[in-house]
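Structural description and commentary
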Amino acid sequence: MSDTINILLLGSGGREHALAVKLAESPRCGELFIAPGNGGTLEVGENVALDENDPEAVADFARETGCGLVVIGPEAPLVVGVADAVRAAGIPCFGPGAAGARMEGSKQFSKELMDRAGIPTAAYGAFTDEESAAAYVREQGAPVVVKADGLAAGKGVVVAATVDEALEAVHECFAGAFGEAGSTVVVEECLTGPECSLLAFTDGKTVRPMDTSQDHKRALEGDRGPNTGGMGVYSPVPIVTADELAQMQQVMVDTVAELAAEGIDYRGCLYGGFMLTPQGPKVLEFNARFGDPETQVILPRLKNDLVEVMLACANQTLDQVGLSWRDEWAVSVVLTSAGYPGSYEKGKVITGIDDAAAMEDVTVYHAGTAVNEAGEVVTAGGRVLDVTALGATFEAARNRAYEACEKIDFEGKTLRHDIGLRALKGRSAWEA
């Protein structure tokens, strides 16, 4: 019997291209199907037209194509229970069921679970009516953070500098700006310090933390402008102390233990978004899947066979697997369409990807791309490409990433030129 297995990967972004590349490298990978995929995933597998948010359709496709593993990239399929349907069909799945996905799908659920587990996080209140939320905002004062409870596609979070801003954010949620996601509103204290992401593989019993990474959310240089899905990222994070890392790793272990204690079987990736406060690391949020663009710097540094690790998570044998990391630094710069995160045009022809990818230790991950009728790669989203480079030093990786970015061109190409600069200056760069 062949040792290879067919794999179905759900999603269409830069995270999914990075996952697809790493899965395809494994000697265990047979046919790799990506639903729906993008212009880059075409090169490592077969893009298929399949509704990633339809649990039964996904389970049926995986069964019909003989898949031995289903990997769920984005949060929406997790929240609607795709992993539950796949497991019910007897197919190993990387990704939590709907119960575990509530860690991302409901900020109130996540905060309450952290309370029960004694996980350090921001003080908060959760409300289902505007009047109560507004009263809490006035009582707490500003700055304060207002969050729509449910999935709002990376939006729905406002860091309000004034009470008026906070009241407006509360009103927007209850007025239906985020649909059902805003029917409950969480108001949190505003934490200060550098942010840091720590992702972990888990099979619901064993937890294997990955290495640290730090995203740059703001659209403009100097961390100004609106929040985006991420403009650049690096790994590891040089400003994290050994003590902070140990505390964050313990949080991931404690969180999975609490999930298990409450009867939630969580298999997949748990993403901890932390603020490194003066009182120690505190959790800003949990996500129920790999981060984007964090995946694009974490996976190139992972030495393990990703198929083996994901199967161990799916089959609850992760205690038999240890993670091993490359010593190099990784820096990824995101190339976006002009206007992002607002409105932008699609269909711009992209040149130079092959030239950039031909550079040593450079990988170009497609995020929002498609292939037109002429066979040209064109823009098809706000975040278009993730240009990732490895280097022996942080500066070497950073310089190589930007050198590769210069080789790529499309009309309206936009990027931040300061990814990682702050971290090079050390912890003091975050202190007022």
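Now for a description of the structure that goes with this document. (Residues numbered from 1 in each chain as written. Predicted model: local features only at pLDDT ≥ 70, side-chain atom pairs only at ≥ 80, totals over all residues. Heavy atoms only, no water.)

**Structural notes on the side chain of Lys-111**
By the element assignment, Lys-111 lies in helix H6 (residues 107–117). Side chain to side chain, Lys-111 and Glu-188 meet in a polar contact 3.1 Å long. (Helix = DSSP H or I, 4+ residues; strand = E, 2+ residues; numbered from the N terminus. Polar contact = N/O pair within 3.5 Å; in protein donor to acceptor, adjacent residues only side chain to side chain.)

**Overview of the packing of aromatic side chains**
Applying the stated criterion to the full structure yields eight aromatic pairs. Both rings, one in Phe-33 and one in Phe-61, keep their centres 5.4 Å apart while their planes meet at 90 degrees; by these two values the pair is edge-to-face. Pair noted here: Phe-33 is in strand E2 (residues 29–36) and Phe-61 is in helix H2 (residues 55–64), with a separation of 28 residues, a long-range link. On the accessibility criterion, Phe-61 (17% relative accessible area) is buried. Put simply, the rings of Phe-94, Phe-201 and Phe-290 touch in pairs and so form one group of aromatic residues. (Phe/Tyr/Trp six-rings, centres within 6.5 Å; stacked < 30°, edge-to-face > 60°. Buried < 20%, exposed > 50% of the residue type's maximum accessible area, 1.4 Å probe, protein only.)

**Focus: the sheet that holds strand E5 (residues 93–94)**
Strand pairing in a sheet takes place through backbone hydrogen bonds and is either antiparallel or parallel in direction. The strand order across the open sheet formed by five strands is E3-E2-E1-E4-E5, and the pairing between neighbours is parallel. This sheet does not close on itself; its edge strands, each paired only once, are strand E3 (46–47) and E5. In terms of strand pairing, strand E1 (residues 5–11) meets strand E4 (residues 67–72) through five bridges, oriented parallel. When the sheet's bridge partners are listed, Leu-8 is paired in E4 with Val-70. Taken strand by strand, helix H1 (residues 14–25) contacts E1, E2 and E4, and its axis lies near 170 degrees from that of E1. Contacting E1, E2 and E4, H2 runs over the sheet at an angle of about 155 degrees to E1. (Pairing = 2+ DSSP bridges. Contact = heavy atoms within 4.5 Å. Axes fitted to C-alpha atoms, helices over the stretch in contact; angles between N-to-C directions.)

**Topic: the packing of helix H7 (residues 130–140) against helix H8 (residues 163–174)**
Between H7 and H8, the shortest axis-to-axis distance is 10 Å and the interhelical angle comes to 165 degrees. Comparing the axis directions of H7 and H8 gives the class roughly antiparallel. Our pair here, H7 against H8, has a crossing hand that is right-handed. On the side of H7, the interface is formed by Glu-130, Ala-133, Ala-134, Val-137 and Arg-138, while H8 contributes Val-163, Ala-166, Leu-167, Val-170, His-171 and Phe-174. Classifying every residue of the contact of H7 with H8 gives eight nonpolar, one polar and two charged. (Parallel < 35°, antiparallel > 145°, perpendicular 65-115°, else oblique. Left-handed = near helix turned anticlockwise from the far one by under 90°. Nonpolar A, V, L, I, M, F, W, Y, C, P; charged D, E, K, R; others polar.)

**Regarding the pattern of salt bridges**
What the rule picks out here adds up to 22 salt bridges. The salt bridge involving Arg-416 is made with Asp-223; its shortest N-O contact spans 3.1 Å. In this pair, Arg-416 is assigned in the loop between helix H13 (394–406) and helix H14 (421–424) and Asp-223 in the loop between strand E12 (218–220) and strand E13 (224–227), connecting sequence segments 193 residues apart. When its relative accessible area of 1% is taken as the criterion, Arg-416 is described as buried. The salt bridge partner of Asp-418 is Arg-416, with a shortest N-O separation of 2.9 Å. Comparing Asp-418 with Arg-416 shows no difference in burial state: the two are buried. (Salt bridge = Lys/Arg side-chain N within 4 Å of Asp/Glu carboxyl O.)

**Here's the deal with the nonpolar core**
The biggest cluster of nonpolar side chains holds 71 residues, and the ones touching the most others in it are Leu-8 and Val-70. The residues touching Leu-8, leaving out its near neighbours within four places in the chain, are Phe-33, Ala-35, Leu-50, Val-58, Phe-61, Ala-62, Cys-67, Leu-69, Val-70 and Val-71. (Core = buried A, V, L, I, M, F, W, Y, C linked by side-chain atoms within 4.5 Å.)

**Describing the pairing of strand E15 (residues 268–277)**
With respect to burial, E15 is a largely interior element, 10 of its 10 residues being buried. The pairing of strand E10 (residues 195–202) with E15 spans eight bridges and is antiparallel. In the sheet register, Cys-196 faces E15, and the bridge partner there is Phe-274. The pairing of E15 with strand E16 (residues 280–287) spans seven bridges and is classified as antiparallel. Residue pairing across strands places Phe-274 opposite Val-283, the latter belonging to E16. Counted between consecutive antiparallel strands, the loop separating E15 from E16 contains two residues.

Read these as layout, nothing more, since geometry by itself doesn't imply function.
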